[in-house]
Amino acid sequence: MDSAQSAKPPIDIAVGILVDARHRLLIAQRRPGTPGAGFWEFPGGKREGDEPMADCLARELAEEIGVRDCQGETIIRFAHAKGERPVRLHVSRIDAWQGEPEGLEGQELTWVSREELRDYTLLPATDVILNALDLPDRYAITPARSAAEPDAWQAQFDVLLGSGITLLRLRDQGIDDAAYQALASEVIPAAHAQGVRVLVDRSFELCRAVGADGLHWSVARLLQKGRPNLGPGQLLAVSAHTDRDLAMAADRGADFAVLSPVAATATHPGAVPLGWDGWAAARGDHALPVYALGGLGSDDLDVAARHNAQGVAAIRGFWPASRV
Ligand SMILES: Nc1nc2c([nH]c(=O)n2[C@H]2C[C@H](O)[C@@H](COP(=O)(O)OP(=O)(O)OP(=O)(O)O)O2)c(=O)[nH]1
């Protein structure tokens, strides 16, 4: 069972990730006598009564580290039960504030680069926060090259690589593993040259052979195989359609999921759309970042963020118009 389904109601916690001009993150060490003593965390604390979470964050950061006027945005809300009690974390990234952070409660503070964080023992579930911090707000999925005119597909793919997209899934269910491997071997170097990471379907062995940045699997495949032994920075994504899928994906260690369909799509004409309310209900507070997919594009990024989505995933929504 994942944290979102735990029996005890979670306590709401506001968490703030201060990011400085050198992209370093501020972490604090939990004091002796508190739950998780000695572990490092991002500053924050418990909601008082029914105060709005934004007020809770401002109060906690003022009380604990003496900063004011924090400017930022919520990056994820999720629940987990890996500590002494179930918590629901409302995590914000903060890029501007007033005052110099100091440990007002006697806690040690330090600024660390994203790489240096690996040297610290962080509270359980911090990996979820870091995935939400690192992942982009758009996840592109390619239409099948095997169903398209190959030169036109290639031209559109090249435009996609220059469009600001930084993460994509190479999807082509119309070809066998050998043809898929050949396609992946062709497109991944081009994507990497443009700073775009590529997740592949199929096996872990294929992912390794083609130098991909991770895998995108069905929940069924994840349940069957378990989380593969991916390298540092490699990602495991999962396609989900229900609340239960997300619970299993979080439980089995997926780094993020794609939950669909929000609206009707040409790719899956038979699927019943969830609508935003149904999408948000299924997304719930599962402990992983979740993209919204299905009839969406860049115009839907704001509505997605309001529904606790990492962002938008799309095939047609991000695929450049054909020039031929
Ligand atoms: N601040 C913070 N808390 C986290 C993170 N991850 C995580 O699981 N938690 C949990 C640990 C604690 O159970 C809870 C935070 O509660 P807390 O005891 O620090 O809250 P507080 O500052 O209001 O505490 P206090 O006034 O009661 O001393 O949230 C995180 O990254 N930052």
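Residues numbered from 1 in each chain as written. Predicted model: local features only at pLDDT ≥ 70, side-chain atom pairs only at ≥ 80, totals over all residues. Heavy atoms only, no water.

Topic: helix 8 (residues 275–283)
Every buried residue of helix 8 is accounted for by Trp276, Trp279, Ala282 and Arg283. Looking straight down helix 8, one finds its buried side chains confined to an arc of 130 degrees; they lie on one side. Exposed residues pointing more than 90 degrees away from the buried face of helix 8 are listed as Asp277 and Ala281. Where helix 8 is buried, its residues contact strand 5 (68–80), helix 7 (243–251), strand 13 (256–259), strand 14 (290–293) and helix 9 (301–306). Just downstream of helix 8, glycine 284 is the residue with a positive phi angle, here 50 degrees. (Buried < 20%, exposed > 50% of the residue type's maximum accessible area, 1.4 Å probe, protein only. Helix = DSSP H or I, 4+ residues; strand = E, 2+ residues; numbered from the N terminus. Arc of directions from axis to C-beta. Contact = heavy atoms within 4.5 Å.)

Observations concerning the sheet that holds strand 5
Strand order in this open sheet of four strands is 4-1-6-5, and the pairing throughout is mixed. Looking at strand neighbours, the two that pair on one side only are strand 4 (44–46) and strand 5, the edges of this open sheet. Across this sheet, the average inter-strand angle for adjacent strands is 20 degrees, counted without regard to direction. Bridging between strand 5 and strand 6 (residues 87–98) involves 10 bridges; their strand directions are antiparallel. Paired with glutamine 71 across the two strands is alanine 96, which belongs to strand 6. Each of strand 1 (11–18), strand 5 and strand 6 touches helix 2 (residues 126–134); the most contacted strand, strand 5, lies at about 120 degrees to it. (Pairing = 2+ DSSP bridges. Axes fitted to C-alpha atoms, helices over the stretch in contact; angles between N-to-C directions.)

Topic: the UniProt feature "domain: Nudix hydrolase" (unreviewed entry) in the protein chain
With numbering aligned to this structure, UniProt lists the feature "domain: Nudix hydrolase" (unreviewed entry) at residues 10–136. Strand forms 37% of residues 10–136 and helix 17%; the C-alpha atoms that close the span are 28 Å apart. (UniProt positions renumbered as here; feature names shortened; annotations may be inferred.)

Describing the pairing of strand 8 (residues 138–141)
By the bridge criterion, three bridges tie strand 8 to strand 15 (residues 311–314) in an arrangement that is parallel. From the neighbouring strand, arginine 138 faces strand 15, where its bridge partner is valine 312. As for the winding sense of the linkage, the β-α-β connection from strand 8 through helix 3 (residues 150–161) to strand 9 (residues 167–170) is right-handed. (Right-handed = clockwise from strand over helix to strand, strands pointing away.)

Observations regarding the domain arrangement of the protein chain
Looking at the protein chain, the domain boundaries give domain 1 (3–122) and domain 2 (138–314). Computed over C-alpha atoms, the centres of domain 1 and domain 2 are 29 Å apart. With nine residues of domain 1 at the contact, the number on the domain 2 side is 10 residues. With both sides pooled, the region where domain 1 packs onto domain 2 buries about 740 Å², and carbon together with sulfur makes up 48% of that total. If you look at where domain 1 meets domain 2, you find two salt bridges. The shortest N-O distance in the salt bridge between aspartate 285 and arginine 77 comes to 2.5 Å. The interface formed by domain 1 and domain 2 holds four residue pairs in polar contact (both at pLDDT 80 or more) in total. In terms of residue count, strand 5 provides more of the side of domain 1 that touches domain 2 than any other element does, five residues in total. (Domains from an automatic or database assignment. Buried area = accessible area lost by both parts, 1.4 Å probe. Salt bridge = Lys/Arg side-chain N within 4 Å of Asp/Glu carboxyl O. Polar contact = N/O pair within 3.5 Å; in protein donor to acceptor, adjacent residues only side chain to side chain.)

Considerations on helix 3
Compared with an ideal rise of 1.5 Å per residue, which puts 12 residues at 16 Å, helix 3 spans 16 Å between its outermost C-alpha atoms and is within 8% of the ideal. Buried within helix 3 are the following residues: Ala152, Trp153, Gln156, Phe157, Leu160 and Leu161. Here the buried face of helix 3 lies against strand 8, strand 9 and helix 4 (177–193). (Expected span 1.5 Å × (residues − 1).)

With respect to the site of the ligand
Around the ligand there are 17 residues in total, and Arg30, Phe42, Lys46, Glu64 and His80 lie nearest to it. One of the side-chain nitrogen or oxygen atoms of lysine 46 is found 2.7 Å away from an oxygen atom of the ligand. Between the ligand and glutamate 64 there is a distance of 2.9 Å, counted from an oxygen atom to a side-chain nitrogen or oxygen. Calculation on the ligand without its partners gives an accessible area of 640 Å², and the protein chains cover 79% of this total. The set of elements that each furnish at least two residues to the shell around the ligand consists of strand 1, strand 4, helix 1 (53–65) and strand 6. In terms of residue count, the dominant contributor to the shell around the ligand is strand 4 (three residues). For the shell around the ligand, a count of residues per class yields eight nonpolar, three polar and six charged. (Near = heavy atom within 4 Å. Areas by Shrake-Rupley, 256 points an atom, 1.4 Å probe, with all protein chains shown as cover. Nonpolar A, V, L, I, M, F, W, Y, C, P; charged D, E, K, R; others polar.)

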